Protein chains: 2
Amino acid sequence: MTFANVGTIGVQPGHRDEVVAILTRRSTDLDSAGCLSYEVGVSDEHPDTVFVSELWESAEAHQLSLQLASVQAAIKEAMPLLSGEMGGNRFEVVGSPLRD
Amino acid sequence: MTFANVGTIGVQPGHRDEVVAILTRRSTDLDSAGCLSYEVGVSDEHPDTVFVSELWESAEAHQLSLQLASVQAAIKEAMPLLSGEMGGNRFEVVGSPLRD
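Taking an unreviewed UniProt entry as the reference, chain A is identified by name as Quinol monooxygenase YgiN belonging to Salinibacterium amurskyense.

Right, here's the structure in full:
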């Protein structure tokens, strides 16, 4: 069942765009790991926050992706730029008004 | 610029699946209004919450969609089933590791 992970990542002031650059770096590993969609965003109202909205083939695919060497390296690279504030939700997708 | 709306909708106990049914009813109006993705979900950990993760062609497209007769009717239908607790975030998409 399609799994969604939507979240907020707090960043150190002035470092938002560096975190965005790390998160949006092209990754064929994520395709292979069952990532269906991975949108990264920002909001003028929250200048020290990066937003993500992800869809995965399953919760297991998402969990396993966290062990990929490229993902581990990205986490290590981003970590010093983060504030430690994290938020978000995980859920199972049950449908869409755009599909029959 | 692609606009994301991710949110939680609190529901009256026992009425979650009715709200899911309303939100997932096939709507060609949403396609026409610039809705790119509209995923509806649930989580066993939060039985009285419906989750949505939407992508739109623009923030304006999302805003205008709220005026559609079909959307207004769905809001009116769902309203008595809701608890009033709403959460979420809106952001501008700036990229994805799945795209160059």
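Caption draft 1: Representation of the relation of the copies chain B and chain A in the model. Of the two same-sequence chains, chain B is brought onto chain A (RMSD 0.0 Å, axial shift 0.0 Å) by a rotation of 180°. The relationship between the two copies is best expressed as a two-fold rotation axis. The share of interface residues of chain B whose copies in chain A are also at the interface is 100%, consistent with both copies meeting through the same surface.

Caption draft 2: Geometry of the interface of chain B and chain A. Chain B puts 35 residues into the contact, and the matching count from chain A is 35 residues. Between chain B and chain A, a total of about 2,800 Å² is buried, with carbon and sulfur atoms accounting for 61% of that surface. The largest per-residue losses of area from chain B upon contact with chain A belong to Glu39, Pro97 and Leu98 of chain B, which jointly make up 25% of the total buried on that side. Taken together, the links from chain B to chain A amount to four salt bridges. Two residues, Asp100 of chain B and Arg26 of chain A, come together in a salt bridge whose shortest N-O distance is 3.5 Å. Between the two partners, chain B and chain A, sit 16 residue pairs in polar contact (both at pLDDT 80 or more). Elements that contribute at least two residues to the side of chain B that touches chain A include exactly strand S1 (3-11), helix H1 (16-24), helix H2 (28-32), strand S2 (35-43), strand S3 (46-56) and strand S4 (82-95) of chain B. Among the elements that make up the side of chain B that touches chain A, the one with the highest residue count is S2 of chain B (nine residues).

Caption draft 3: Molecular detail of the pairing of S2 of chain B. Judged by how many residues are buried, S2 of chain B sits mostly within the fold: eight of nine residues are covered. Relative to S2 of chain B, strand S4 (residues 82-95) of chain A is paired through three bridges, and the arrangement is antiparallel. Paired with Gly95 of chain A across the strands is Val40 of chain B, a residue of S2 of chain B. Bridging between S2 of chain B and S3 of chain B involves seven bridges; their strand directions are antiparallel.

Caption draft 4: Molecular detail of the packing of aromatic side chains. One pass over the full model with this rule turns up two aromatic pairs over all chains. Seen from their ring centres, Phe51 of chain A and Phe91 of chain B are 5.1 Å apart, and the 15° between their planes marks the pair as stacked. Taken together, the residues Phe51 of chain A in strand S3 (residues 46-56) and Phe91 of chain B in strand S4 connect one chain to another. As far as burial versus exposure is concerned, Phe51 of chain A and Phe91 of chain B are alike and both buried.

The rules behind each value
- Residues numbered from 1 in each chain as written.
- Chains lettered and ligands numbered in written order.
- Predicted model: local features only at pLDDT ≥ 70, side-chain atom pairs only at ≥ 80, totals over all residues.
- Heavy atoms only, no water.
- Least-squares fit on C-alpha atoms with pLDDT ≥ 70 in both.
- Contact = heavy atoms within 4.5 Å.
- Buried area = accessible area lost by both parts, 1.4 Å probe.
- Salt bridge = Lys/Arg side-chain N within 4 Å of Asp/Glu carboxyl O.
- Polar contact = N/O pair within 3.5 Å; in protein donor to acceptor, adjacent residues only side chain to side chain.
- Helix = DSSP H or I, 4+ residues; strand = E, 2+ residues; numbered from the N terminus.
- Buried < 20%, exposed > 50% of the residue type's maximum accessible area, 1.4 Å probe, protein only.
- Pairing = 2+ DSSP bridges.
- Phe/Tyr/Trp six-rings, centres within 6.5 Å; stacked < 30°, edge-to-face > 60°.

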